[in-house]
Amino acid sequence: TAFEEIGADIIRYNFVATPLINDVKFGRATCDEVKRKILGLWNAYVFLNTYACIDNPDLTNFTPNESELTFIDKWLINRVNEFTANAHECYSHQDFGGVSKDFENLVDELTNWYIRNNRRRFYKSENNLDTMNAYFCLHYAIKNISMAMFPIIPFLSEYLWQNAVRPLDNNAEESVALHGFKVAEFKVNGEGLTKKTDIIRNIFTMASKLRNENQIKVKQPLKTMFVNGNDEVAKAVELYRDIIESE
């Protein structure tokens, strides 16, 4: 059957992500596209699980000090809280498409921005506190995504809860279904970080486009890069200077 060959979560997602005013397209091609979108969340889980199996971090009763979090940690916490709040609002109006769209954006940001720029923090290092903070933030993201997406992709959400959430936090409920829908369980002061991050990601996108147009390989360092923008752009560039230079 289609459920056995394609998967129940993928079929469910395919239906609920389609706007109500549009016809639902169902087939191998559309389901493969849905699978690609969900795969990003799976990749984030695999990354967390790979390093957690080595380090065995215990996040039970661990709450990071906000002053010791990096700005990109604060951005992720804020972004996840925005997602859960938006999902709660969308569910109350039966806007499942709104949830799925924001989910896709968040997963892309989680894998291609947070994890990509924080890989080294998960390696064995002398700064154990910084590593624990990174584990907490990634765990927090996967935990809240599983909670918010449970009505749409229940099987994957429960799998992540049992294999990523509970092993690192002994206080977690036995099932994501028992957790309830909780918005912003952990808050930080990260005013303006979302907008600044969007600015920097747009700069990266434009820089990548210019590289392609001029046939400059991604691994080839640039001696100088000029960014034309207002004061808001300048502040964002200064905040993310180290990440920009590493790119």
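Note that the structure is a prediction, hence the values are computed from the model and not measured. Residue positions are given per chain, counted from 1 along the sequence in the order it is written. A pLDDT threshold of at least 70 governs which residues receive local features in this predicted model, and a stricter bar of 80 or more applies before side-chain atom pairs are shown or counted, although totals over entire chains, interfaces and linings include all residues. Calculated side-chain values reflect all of the structure's heavy atoms, with hydrogen atoms and water omitted.

Engineer: Hey, could you run me through the nonpolar core in this one?
Structural biologist: Ranked by internal contacts, the top residues of the largest apolar core, which has 66 residues, are Phe103, Tyr114, Met149 and Ile200. Sorting elements by how many residues they give to this core places helix 6 (residues 128–149) first, with twelve residues. With residues up to four places along the chain from it excluded, the contact list for Met149 reads Tyr13, Phe83, Tyr91, Val99, Phe103, Pro154 and Ser157. Buried residues of nine kinds, namely Ala, Val, Leu, Ile, Met, Phe, Trp, Tyr and Cys, make up a nonpolar core once their side-chain atoms join them within 4.5 Å. With a 1.4 Å probe rolled over the protein chains alone, any residue whose accessible area is under 20% of its type maximum counts as buried; one over 50% counts as exposed, and the rest are partly exposed. In this structure, Met147, Trp161, Val165 and Ala172 belong to the second largest nonpolar core, which totals five residues. A run of H or I in DSSP becomes a helix once it reaches four residues, and a run of E becomes a strand once it reaches two; helices and strands are each numbered from the N terminus. Throughout, a residue-residue contact means that at least one pair of heavy atoms, one from each residue, lies within 4.5 Å.

Engineer: What exactly am I supposed to notice about the pattern of salt bridges here?
Structural biologist: Pairing between side chains becomes possible if they bear opposite charge and their charged atoms approach one another. Each salt bridge in this description consists of a side-chain nitrogen of Lys or Arg and a carboxyl oxygen of Asp or Glu lying within 4 Å of one another. Taken as a whole, this structure holds eleven salt bridges when the rule is applied. For Arg201, the salt bridge identified is with Asp108, shortest N-O distance 3.1 Å. Of this pair, Arg201 sits in helix 9 (residues 193–213) while Asp108 sits in helix 5 (residues 96–118), and the two are 93 residues apart along the sequence. The exposure class of Asp108 is partly exposed, given its relative accessible area of 31%. Residues Arg241 and Glu238 are paired through a salt bridge, measuring 3.0 Å at the closest nitrogen-oxygen approach.

Engineer: Could you clarify how one ought to interpret helix 10 (residues 231–239) in this entry?
Structural biologist: Helical periodicity: at 3.6 residues per turn, an α-helix aligns residues three or four positions apart in one direction. Listed as buried for helix 10 are Val233, Ala236 and Val237. For helix 10, the arc enclosing every buried residue in end-on projection is 100°, short of the 170-degree limit, so these residues lie on one face. Seen from the open side of helix 10, the exposed residues pointing more than 90 degrees away from its buried face are Asp231 and Lys235. Where helix 10 is buried, its residues meet helix 9 and helix 11 (241–246). Between N or O atoms, a polar contact is any pair within 3.5 Å; within protein, one atom must be a potential hydrogen donor and the other a potential acceptor, and residues adjacent in sequence are included only when both atoms are from side chains. Between the side-chain oxygen of the N-cap and the backbone nitrogen of Glu232 there are 3.1 Å, and the N-cap of helix 10 in question is Asn230. What the arc describes is the spread of directions from the helix axis to the C-beta atoms.

Engineer: So what exactly am I meant to see when it comes to the side chain of Asp169 here?
Structural biologist: Here Asp169 is to be found in the loop between helix 7 (154–165) and helix 8 (176–179). For the buried Asp169, no salt bridge exists, and the shortest N-O distance to an oppositely charged side chain is 4.3 Å, to Lys143. Not counting residues up to four positions away in its chain, the partners in contact with Asp169 are Leu59, Thr60, His139 and Lys143. Charge convention: Lys and Arg are scored as positive, Asp and Glu as negative, and His as well as the terminal groups of each chain are ignored.

Engineer: Honestly, the confidence of the model for the protein in this entry has me stumped. Any pointers?
Structural biologist: Close inspection of predicted coordinates is inappropriate in any region flagged by low pLDDT. Scored between 0 and 100, pLDDT is the confidence that the predictor attaches to each residue. On average, residues of the protein carry a pLDDT of 89, and 97% of them reach 70 or more. Across the protein, element-level confidence peaks in helix 7 with a mean pLDDT of 97 and bottoms out in helix 1 (residues 2–6) with 77.

Engineer: What should I look at first to understand the packing of helix 2 (residues 8–16) against helix 3 (residues 28–55) in this one?
Structural biologist: To obtain an axis, a line is fitted to C-alpha atoms, over the contacting stretch when the element is a helix, and the angle between two such axes runs from 0 to 180 degrees between their N-to-C directions. Orientation of helix 2 relative to helix 3, taken along the N-to-C sense of each, is 100°, at an axis distance of 9 Å. As judged from the angle between their axes, helix 2 and helix 3 are roughly perpendicular. Mapping the contact onto sequence places Ile10, Tyr13 and Asn14 in helix 2 and Thr30, Cys31, Val34, Lys35 and Ile38 in helix 3. The residue makeup of the contact of helix 2 with helix 3, split by class, is five nonpolar, two polar and one charged. Any angle that falls under 35 degrees is termed roughly parallel, while one over 145 is termed roughly antiparallel, one within 65 to 115 roughly perpendicular, and all others oblique. Under the grouping applied here, Gly and all other residues not named as nonpolar or charged are polar, the nonpolar ones being Ala, Val, Leu, Ile, Met, Phe, Trp, Tyr, Cys and Pro and the charged ones Asp, Glu, Lys and Arg.

Engineer: Looking at this structure, I do not really get the environment of Val46. What am I missing?
Structural biologist: Here Val46 is to be found in helix 3. Residue classification places Val46 among the partly exposed residues on the basis of a relative accessible area of 34%. Along the chain, Val46 and Asp9 lie 37 residues apart, while their C-alpha atoms are 18 Å from each other.

Engineer: For this particular structure, what's the right way to read the packing of aromatic side chains?
Structural biologist: Each aromatic ring pair is specified by the distance between its two centres and by the angle formed by the two planes. Pairing of aromatic side chains here covers Phe, Tyr and the six-membered ring of Trp, requires ring centres within 6.5 Å, and sorts the geometry by plane angle: under 30 degrees stacked, over 60 edge-to-face, intermediate tilted. Tallying each qualifying case throughout the model produces 18 aromatic pairs. Between Tyr45 and Tyr159 the ring centres are 5.8 Å apart and the planes differ by 85°, which places this aromatic pair in the edge-to-face class. Here Tyr45, found in helix 3, pairs with Tyr159, found in helix 7; they are 114 residues apart in sequence, far enough to count as distant. The buried category is assigned to Tyr45, whose relative accessible area is 6%. With a centroid separation of 6.1 Å and 85° between ring planes, the pair formed by Tyr91 and Phe181 is classed as edge-to-face.

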